[in-house]
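Survey of secondary and tertiary structure
Take a look at the letters that make up each chain.
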Amino acid sequence: MKYDVVIIGAGVSGSAIARELSRYQLKTLVIEKEEDVCCGTSKANSGIVHAGFDAENGSLMAKLNVEGNQMMPELSKELDFSFKQNGSLVLCFDEADRENLVALYDRGVKNGVKDLQILEKEEVKKLEPNVSDEVVAALYAPTGGIVCPFGMTIAFAENAYTNGVEFLFDTKVTDIQKQEDGWMICAGEKTFETTYVVNAAGVYADVFHNMVSEKKIHITPRRGDYCLLDKNTGNFVSHTIFQLPDKYGKGVLVSPTVHGNTLVGPTAIDIENKEGTNTTQEGLDQIREKSGRSVKNLPMNQVITSFAGLRAHEDGHEFIIGEVEDAKGFIDCAGMESPGLTSAPAVGKMVADIIVKQMQPEKNPTFCGTRKGILDPDTLTKEERAKLIKKQPAYGNIICRCELVTEGEIIDAVTRPLGAKSLDGVKRRTRAGMGRCQAGFCSPKTMEIIARERHIPLEEVTKSGGNSRLIQGINKDSL
Amino acid sequence: MKQYDIVIVGGGPAGLAAALEAKKSGAQSVIILERDGELGGILNQCIHNGFGLHTFKEELTGPEYAARFSEKVKEEKIEYLLNTMVLDISSDKMVTAMNREEGLFEIQAKAVVLAMGCRERSRGALNIPGYRPAGVFSAGTAQRLVNIEGYLPGREVVILGSGDIGLIMARRMTLEGAKVKVVAELMPYSGGLKRNIVQCLDDYGIPLKLSHTVVDIQGKDRVTGITLAQVDENRRPIPGTEEFYSCDTLLLSCGLIPENELSRGMGVEINPVTSGPVVNECLETSIPGVFACGNVLHVHDLVDFVSQEAAAAGRHAAEYVAAGEDKIFNEKKYVIVPKGGVRYTVPSSINPAKMDDEQVIRFRVGDVYKNRYTSVYVNGERIVHRKRPVMAPGEMEEVKLKKEQFMDCPEETEIIVTIEEA
Amino acid sequence: MEKRELICIGCPMGCMVTVSLDDGKVCEVTGNTCKRGDVYARKEVTNPTRIVTSSVRVNGGTYPVVPVKTREDIPKGKIRDCMKALKEVVVDAPVKIGDVVLKNVADTGIDVIATKDNEMHDVGRR
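From N to C terminus, chain B includes nine helices and 30 strands. Each principal axis of the C-alpha distribution contributes one length, and for chain B these read about 65 × 60 × 40 Å. The long-range fraction of contacts in chain B, counting pairs at least 24 apart against all pairs at least 6 apart in sequence, stands at 64%.

Before going further, it helps to spend a moment on the packing of helix α10 (residues 407-415) of chain A against helix α11 (residues 423-430) of chain A. All names here are of chain A. Direction vectors running N to C along α10 and α11 enclose 115°, while the axes themselves pass 9 Å from each other. As judged from the angle between their axes, α10 and α11 are roughly perpendicular. Considering the relative orientation of α10 and α11, their crossing is right-handed. Contacts between α10 and α11 involve E409, I410, A413 and V414 on the former and, on the latter, V426, R429 and T430. Looking at the contact of α10 with α11 residue by residue, the classes come out as four nonpolar, one polar and two charged.

Bringing the sheet that holds strand β8 (residues 90-92) of chain C into the picture now. Residue and element names in this part refer to chain C. Spatial ordering of the open sheet is given by β8-β5-β6-β10-β9, a layout of five strands whose pairing is mixed. Two strands in the sheet have a free side with no partner beyond their single neighbour: β8 and β9 (100-102). Strand-to-strand twist of the sheet, defined as the mean angle between neighbouring strand axes without regard to direction, takes the value 45°. Pairing geometry for strand β5 (residues 53-59) and strand β6 (residues 65-70), over five bridges, is antiparallel.

Let's shift gears to helix α1 (residues 35-46) of chain C. Residues and elements named next belong to chain C. With twelve residues, α1 should cover 16 Å at 1.5 Å per step; its first-to-last C-alpha distance of 17 Å lies within 8% of that length. Among the residues making up α1, those that are buried are G37, Y40, A41 and E44. Angularly, the buried residues of α1 cover 100° about the axis, an arc narrow enough to put them on a single face. Residues of α1 that are exposed and point more than 90 degrees away from the buried face comprise K35 and T46. In this structure, the buried side of α1 is in contact with β1 (2-7), β2 (16-22) and β3 (25-30).

All names here are of chain B. For F291, the location among the structural elements is in strand β22 (residues 290-292). The class for F291 is buried, based on 31 C-beta atoms found within 10 Å. Along the backbone, F291 and A115 are 176 residues apart, and their C-alpha atoms lie at a distance of 8.7 Å. What F291 contacts, discounting residues up to four positions off in sequence, is A111, V113, L114, L283, E284, T285, A313, H316 and A317.

This part is about the packing of helix α1 (residues 13-24) of chain B against helix α9 (residues 303-323) of chain B. Residues and elements named next belong to chain B. Taken N-terminus to C-terminus, the directions of α1 and α9 make an angle of 40°; their axes are 7 Å apart at the nearest point. Compared by their axis directions, α1 and α9 come out oblique. Crossing handedness for the pair α1 and α9: right-handed. Contacts from P13, A14, A17, A18, A19, L20, E21 and A22 in α1 reach V303, V306, S307, A310, A311, A313, G314, R315, A317 and A318 in α9. Looking at the contact of α1 with α9 residue by residue, the class counts come to 14 nonpolar, two polar and two charged.

Contact residues are listed per partner, giving 46 residues for chain A and 42 residues for chain B. Sorting the residues of the side of chain A that touches chain B by element identifies α7 (281-294), β18 (303-314), α9 (382-391), α12 (443-454) and β23 (473-474) of chain A as the ones contributing at least two each. As judged from the two bridges shared by β23(A) and strand β11 (residues 151-152) of chain B, these two strands associate in the antiparallel manner. Pairing of G473(A) across the sheet is with L152(B), part of β11(B).

To continue, consider the nonpolar core. Residue and element names in this part refer to chain B. Grouped together as the largest cluster of nonpolar side chains are 141 residues, with contacts concentrated most on I6, A18 and V113. Per-element accounting of this core gives the leading share, ten residues, to α9. Sequence-distant contacts of A18, that is, excluding residues within four places in its chain, are made with I8, V113, A115, C293, A310, A311, A313 and G314.

Residue and element names in this part refer to chain A. Tracing the sequence through the fold places K33 in the loop between β2 (28-31) and β3 (48-49). By C-beta crowding, K33 is classed as buried, having 20 other C-beta atoms within 10 Å. Separated by 25 residues in the primary sequence, K33 and I8 have C-alpha atoms spaced 8.7 Å apart. Excluding residues that lie within four positions of it along the chain, K33 makes contacts with T171 and K172.

It is worth spelling out the sheet that holds strand β16 (residues 225-230) of chain B at this point. All names here are of chain B. Ordered in space as β15-β16-β17, the three strands form an open sheet in which the pairing is antiparallel. The sheet terminates laterally at β15 (212-218) and β17 (243-246), the two strands that pair on one side only. Averaged over all adjacent pairs, the angle separating strand axes in this sheet is 30°, with direction ignored.

Turning to the domain arrangement of chain A, a few remarks are in order. Residues and elements named next belong to chain A. Annotation of chain A at the domain level lists domain 1 (1-81 + 146-218 + 315-373), domain 2 (88-142 + 223-307) and domain 3 (377-460). For domain 1 versus domain 3, the separation of C-alpha centres amounts to 29 Å. Between domain 1 and domain 3, the residue contacts involve twelve residues of the former and eight residues of the latter. Top element by residues in the side of domain 1 that touches domain 3 is helix α5 (residues 149-162). It accounts for six residues. Of the residues assigned to the side of domain 1 that touches domain 3, the class counts are seven nonpolar, one polar and four charged.

Turning our eyes to something else, we now look at the confidence of the model for chain B. In the predicted model, chain B carries a mean pLDDT of 95, and 98% of its residues have values of at least 70. For this predicted complex, the interface score ipTM comes out at 0.95, alongside a pTM of 0.95.

What counts, and where the lines are drawn
- Residues numbered from 1 in each chain as written.
- Chains lettered and ligands numbered in written order.
- Predicted model: local features only at pLDDT ≥ 70, side-chain atom pairs only at ≥ 80, totals over all residues.
- Helix = DSSP H or I, 4+ residues; strand = E, 2+ residues; numbered from the N terminus.
- Contact = placed C-beta atoms within 7 Å.
- Axes fitted to C-alpha atoms, helices over the stretch in contact; angles between N-to-C directions.
- Parallel < 35°, antiparallel > 145°, perpendicular 65-115°, else oblique.
- Left-handed = near helix turned anticlockwise from the far one by under 90°.
- Nonpolar A, V, L, I, M, F, W, Y, C, P; charged D, E, K, R; others polar.
- Pairing = 2+ DSSP bridges.
- Expected span 1.5 Å × (residues − 1).
- Buried ≥ 20, exposed ≤ 12 C-beta atoms within 10 Å, placed from the backbone.
- Arc of directions from axis to C-beta.
- Core = buried A, V, L, I, M, F, W, Y, C linked by C-beta atoms within 7 Å.
- Domains from an automatic or database assignment.
- pLDDT = per-residue confidence, 0-100.

Here's what the structure looks like:
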C-alpha cells in the first residue's frame, strides 16, 4: 500500500494541494495531527484576501498572492465558501510618510495588482467615515477582499476527499526516512510509504524539512492576537483598514468579516512555543491601543472573543515552495505566513504542478470541482424555507440563538464528508457558538446533537478533539 | 397569518406572569412563544431553594416557582408554543417565528410583551487572556449541565465572579462531588446576595477573594490551571500578586446582559446603562404597545420582583389592547433622572395620569453605600428621604412614588432619584 | 458572655444578626428585622440546619435527572450523608412534583421530594 503523495498538514495549504492533486489519478493521503482540518495557522488569522501590493517585487509571495487573489471570486463560487471583495485601504497619517505610500502603490502596480489608487483625506473619509481624522491619504485596493478561512479550508478538504483523497486525523508524524524509491513516514507505530512527501506543516514545517535536508530552515512562530467584535458593529468599517508601517510600527488592521463582525488585530510577537496560541494581556492591550490610530471610537466594549494564531515566519520572509534540493521527492510548502491564505489556491496549483510534471499521472475521470457547502437557511426565500422545514423539521429548530443556526445545519456539519467531530468543528462549519453569547446557551444542545449523530456517549464529546472533553463525570460519582 | 391581541416573547417567569395578568385584565387572545422545550425559562435549571418568599410566603426551588405559574397558565388555557424561536418583530408588531412543526410563520399582534430574559457575559467579553481550552464555562452553562443533564463539567473548579449564579454553582458543584478551590471577584465587594455567601461559600469553606481576577488560563486541550492576581483600584492586575491554581474548570459568573436583539431590530430605544429598553410607568417601550419586563428590561436579583413587574406589563398590555382606537398617547411625560450614585431607574419616566396610585421605581446603585438616604426630588422639592443602612450594586433598590404627589405638577417636571448623606 | 455575628439567610435581605450566648445558651438576638431572623439565629448557633437541593437519576424520563429537595431543613452535619444517599436513588418516570423519592434521608426523619415533573420520555421535549 504505497501512496503517491503524502501531505503533512491539513491546513489551507495542505488542503488546497490535496484538492489540486485530486484532479489526477493519484493515491494521496493527508496526515493531520489534530482532529480536524483547519486547526493551526489557518484557523486563527485575519481572513484577508490581500490585493498583493505588500510583497517584494519578483518574490514568490508577490506572484502567488496576486494569482490567489484573482482566483478567489471564481473559486468561492465553485467551492461555496464565503468571500467578499470589500476592498482595502492602507492609511497614511503623516505627510512625511507619503513617499512610502507611493512606494507601496508602485510596488503593487509592478506586482500586477489592478485598479490601485491613492486617495486623499476627503475621499478616504467619504469611503470610511469612521477613520481617524489624522489620516492624510490612503492606498485603495478595490481587489482586496475578505474570506472565511475555515470555510475555504474545509471546502478544499471536502472537495479533495470526495474526489478520492484520504485524510488521517489525530496522527502526528514523528519521523521521515528516505527510502530507495521514495519515503517512509512514521507516526508513532504507524508507517506510510510514499513516492512524494508534501511538507505543509505550518509552524512545524522546519522540523520536517530539517529531518531530510542538510540545508536547514528556521521557522519562528509569530503570534498574532486578535479581538472580534459583536455583529452590531458590522458596519463600523466596510473596507479592510490597514496602517502604513511608520515610526510607530506595523499597526493593526480593522476589518469587517464575511459574517458581519468586526475584526481587530493582529499583534506580532515572536515566540518559541509552536503551540503557544494563548493571548496575553499585553497583546490585547496593544490591539486596543493601535486600533485607535486607524479609526475613531471603535466600540471595544463590544468584543465577544479574542484569540491568537501563529504565523509560520521563515527567517527569509518568503514562501519556500518546491522540491528540496538534497531530498528528491520531498516538496516543501513552508514559511506560509501572510499572504498564505490568499495565495493558497495558487499554492495548491504550484505544488500539484511539480508532482504532476514528474509523475505524469492520468486525469481523474470522476473529478468534480464543485462542492456544495452547508445550507444556510437564511439564504432561502420564505417559501423555500417553509418547504425545507416541512421536509426536514430540524431546519425549524434553532440551536444557536445568537447566530440563528438550526439543528439541520448542525446535523449536516456532523454527518457530511470529513464532518465535524467536536464543538469547535461544528462552530467552524456552522458558526453555532460563534456569536455574542459564545456558546453559553447552545453548547449543551450542540453536544447532544454531536453525541447522537456520532453514536457516542455525551461524555466523549470534546471541544476540539484530544483531551478536550467537556464533561468530566456524572453527578455524585465521586461521593 | 395568525392574529393575537397580545404576543408574549418568552415563557420564563416574566412571560408567564405577564400572560396571566393580561388574561386577568381582560385580554382575550394571548399567546406565549417560548424557545425552549418547556415553560419556566432559566428557573428550570435553578433547582436551589430561595424563590418565592415575597410572592408565596414560602421558600420554593426554581422549578417549583415556575410550576406555580405554568400550571396556572395551563388552567387558564392561555396558548403557548414551545421550541419556537422568534426571529423578528417588525415595528408594526408583526412577529416572525419558527418551529419544527409549523416552520416559518407570522403573527400580527396588537400588543407585544418582550420577556426574552438575559444572557451571561462570556469569557471573550471579559477579555481574559490565555489559552482557549475546554473547561471554561459560564456558570449558567455549567448549571444546565449539572442540574438538567446530570453531568459534572469539572472536578477542580475556580469561579470568577461572585454573582448569585456563581455562588450557587459553587455549592452545587461541591455537593455533587467537585472541589471548588476559590471564588474570585474583581470588585472589592461581592456581586451576589449576602445569604448566598453564607450558605454557598462559608458553609463549605470556599474562600472568596475580593479585588482579584483571572489573568491567565492555562491548558491547550483542557484547562490545567488559572492564575489569579489582585487588582488595584482601577481594576488592573497588580504585578507580583499572581497566584497559580491548578484546576480543570473555570466558571464565569460575571454579570448578565439583557437579550435585546429583537427589541433593537424593531427599533425600540435601549438604555445604554441597563442594556434594556427605555420604558415609561406602564413598562411600555419607545414603541407604543410594546412592553418589556423581567431580565430583558433590567437584570433582577429576585424572581419575585420579576413576577410583580411582569404582571404590571401584562396588565398594561391588556389595557392598551382594550383602549383600541381610543387610546390616549402619553400627553405628559415626567422624566426621572438618576443622580448621585443611582445608575438608572425603571421606569425612566412617568405620566401622572397613567401611573399607579403607588408606583414602584426600581434602581441600582454604582457602589457600596452605608447609612445613606434614598431621596427623590420633584422640581427641587424633596418628597422622599428614606434611610438605607447598606446599599450595594448587587442588590436592587426601590422607592415608591404616590400618584397624588404628581397631580398638580407643571408641564415641565423633573424627578431626581439620588443617594444622599445624612 | 460570648457574642456571635451572623448573616441571616432567612430571606434575601441578609440582616446582620448578633447572638449573645451564655454558657452555650442563647440569651439575646439582636439586629434581626423579623421573626425569621430570631429563629434562624437561635438555630444557627445551636443546631444549624439547611435545605438540601440536588437531583436524582430518572429511568425513561424526558430528562435524565429530576431535581429534588429535602422537604424541610436537615442538620448541616448530615448534608454529605444526604448526598451519598441520593447517589443510590433512581426513580422511574413519570415523576410528579412533590413525589417522595427517598424517605427519611440519612436518618434525619425528613423525606426528599421531587421539585419538578419529569414525564415519560416521549411525552416531553424533543
